[in-house]
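Chains, contacts and geometry: an overview
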Amino acid sequence: MLVSLLLALPVSASEAPLASPRLAALQVQLDGQDDDRDIAAFWAEARAKGTPLIEPVAGDPTQMTLTFLWREPTGRNHIDLGVFGVFNTAPWQTGDRLIRLGHTDIWYRSYRVSAALRAQYMLIGRDGAARGATRQRTWSHTDETGHGKELDLFLDPLNPRTIDDVYFLPHSRESIFDGPDAPREIWLGPKPAPLRGTMLDLTIKSAILGNERKLAVYVPDPKLIKAT
């Protein structure tokens, strides 16, 4: 299962910020005379290849540099938008805020992680922070002082790959990526025919915890079970 794979793979803490080799090369280019042309070429490349950027780590083939990108008008020096995933260096419930590259419209966050990592992620920020991105749901978080806050979770508009989020209701999707050494996952590939079955929305109450959780359970078609 995807969840067990995420928990089993080692994810090292990243330096913040850890610029990717591609961004480092761009930074050198920006010292020249064609800044606008270089930046436009970078964004064209990012749209064509999709994000996050996945680059090898020199001297360590077991690791990769993972870089998430966001394009924001250059007139803003601060945006309340970050990356939300299992690789966060900050408390993962709040995400890691994106960092601006110089005076450009490029905002990014880099991590050094296992090259075998496959993971879901989303962009996280306050309402209106991710203009143009597809909002999926609200994330409620209680900070260390006990104050509650609500943030919005968005799909990465530069990543066409998404996966169903089966842990929260209402149903939504998350962005997903694979490292170059990620084990083959047969359930993420196209199927010759749609799965037949039923989705059940359940509410589980806990007398011990004094709360309740909502669960989505997929029940396969009995005929499909007999066929396999």
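Here the structure is a predicted model, which is why all the values come from computation and not from measurement. (Residues numbered from 1 in each chain as written. Predicted model: local features only at pLDDT ≥ 70, side-chain atom pairs only at ≥ 80, totals over all residues. Heavy atoms only, no water.)

**Focus on the overall build of the protein**
Using the following cut-off: Runs of H or I in DSSP of at least four residues are treated as helices and runs of E of at least two as strands, each being numbered from the N terminus. Two residues qualify as a contact provided that any one of their heavy atoms is within 4.5 Å of a heavy atom in the partner residue. For the area figures, the Shrake-Rupley method with a 1.4 Å probe applies, and any residue is considered shielded solely by the protein chains shown.
Helix and strand counts for the protein come out as four helices and 13 strands. For the protein, restricting intrachain contacts to residue pairs at least 6 apart in sequence, the fraction spanning at least 24 positions comes to 61%. Entry remark: accessible area of the protein is about 13500 Å², with carbon and sulfur atoms responsible for 56%.

**A word on the pairing of strand 12 (residues 197–206)**
The cut-off we apply is this: Here, a strand pair is defined by DSSP locating no fewer than two bridges between the strands.
As judged from the ten bridges shared by strand 12 and strand 13 (residues 211–220), these two strands associate in the antiparallel manner. Note that in strand 13 the partner of Ile 204 across the bridge is Arg 213. Where strand 12 folds back onto strand 13 in an antiparallel hairpin, the turn is made up of four residues, including Gly 210, whose phi is positive at roughly 70°.

**Considering a nonpolar patch on the surface**
Let me state the cut-off plainly: Patches here: salt-bridge-free residues with over 30% relative accessible area, like charges joined within 9 Å, nonpolar side chains (Val, Leu, Ile, Met, Phe, Trp, Tyr) joined within 5 Å. Whenever Lys or Arg places a side-chain nitrogen within 4 Å of a carboxyl oxygen from Asp or Glu, that contact is recorded as a salt bridge. The classification of residues rests on relative accessible area computed with a 1.4 Å probe and restricted to protein chains. Under 20% of the type maximum is buried, over 50% is exposed, and intermediate values are partly exposed.
Side chains of Leu 200, Leu 202, Ile 204, Leu 215, Val 217 and Val 219 sit close together on the surface and give an oily, nonpolar patch of about 420 Å² of accessible area. Tracing the chain through its elements places Val 217 in strand 13. For Val 217, a relative accessible area of 31% corresponds to the partly exposed category.

**Details of the confidence of the model for the protein**
Detailed reading of the predicted model is not advised wherever pLDDT is low. Our working definition: Known as pLDDT, the predictor's confidence for each residue is given on a scale from 0 to 100.
In this model, the protein carries a mean pLDDT of 78, and residues with pLDDT of at least 70 account for 74%. Taken element by element, the protein is modelled with least confidence in helix 1 (residues 2–8), mean pLDDT 32, and with most confidence in strand 1 (residues 53–57), mean pLDDT 94. Contacts from residues 1–17, a stretch scored under 50 in pLDDT, to residues over four places away or in other chains number 31 contacts.

**So, the side chain of Arg 118**
Cut-off, in case you're wondering: For the purposes of these results, a polar contact is taken to be a pair of N or O atoms within 3.5 Å, where, inside protein, one atom must be able to donate a hydrogen and its partner to accept one; residues adjacent in sequence count only when each atom of the pair is a side-chain atom.
Examined against the element boundaries, Arg 118 turns out to sit in strand 7 (residues 118–125). Engagement of the side chain of Arg 118 in a polar contact is seen with the side chain of Asp 178, the distance being 2.5 Å.

**Some points on the environment of Arg 76**
For Arg 76, the position within the fold is in the loop between strand 2 (60–71) and strand 3 (81–85). Setting aside residues no more than four positions away along its own chain, Arg 76 makes contact with Arg 100, Trp 107 and Arg 131.

**Some points on the packing of helix 2 (residues 21–29) against helix 3 (residues 35–49)**
Helices that pack against each other are described as a pair by the angle of their axes relative to one another and the distance between those axes. Applicable threshold: Axis definition: a line fit to C-alpha positions, over the contact stretch in the case of helices; interaxial angles, taken between N-to-C directions, run 0 to 180 degrees. Here the word oblique covers every angle except those under 35 degrees (roughly parallel), over 145 (roughly antiparallel) and from 65 to 115 (roughly perpendicular). By the definition used in this description, the sense in which the near helix is turned from the far one sets the handedness, with an anticlockwise turn below a right angle giving left-handed and a clockwise turn giving right-handed. Under the convention adopted here, Pro, Cys and the residues Ala, Val, Leu, Ile, Met, Phe, Trp and Tyr are nonpolar, Asp, Glu, Lys and Arg are charged, and Gly plus all remaining residues are polar.
Two numbers describe how helix 2 lies on helix 3: the axes approach to 10 Å, and their chain directions differ by 160°. With respect to their mutual orientation, helix 2 and helix 3 come out roughly antiparallel. The handedness of the crossing between helix 2 and helix 3 comes out as right-handed. Residue-level contacts link Arg 22, Leu 23, Leu 26 and Gln 29 of helix 2 to Asp 35, Asp 38, Phe 42 and Glu 45 of helix 3. Of the residues assigned to the contact of helix 2 with helix 3, the class counts are three nonpolar, one polar and four charged.

**Regarding the pattern of salt bridges**
Tallying each qualifying case throughout the model produces seven salt bridges. Across the salt bridge formed by Arg 161 and Asp 178, the nearest N and O atoms sit 2.5 Å from each other. Of this pair, Arg 161 sits in the loop between strand 9 (148–154) and strand 10 (162–165) while Asp 178 is found in strand 11 (residues 172–178), placing the two residues 17 residues apart along the sequence. The partner of Asp 164 in a salt bridge is Arg 173, with the nearest N and O atoms 2.5 Å apart. Given the relative accessible area of 47%, Asp 164 is considered partly exposed.

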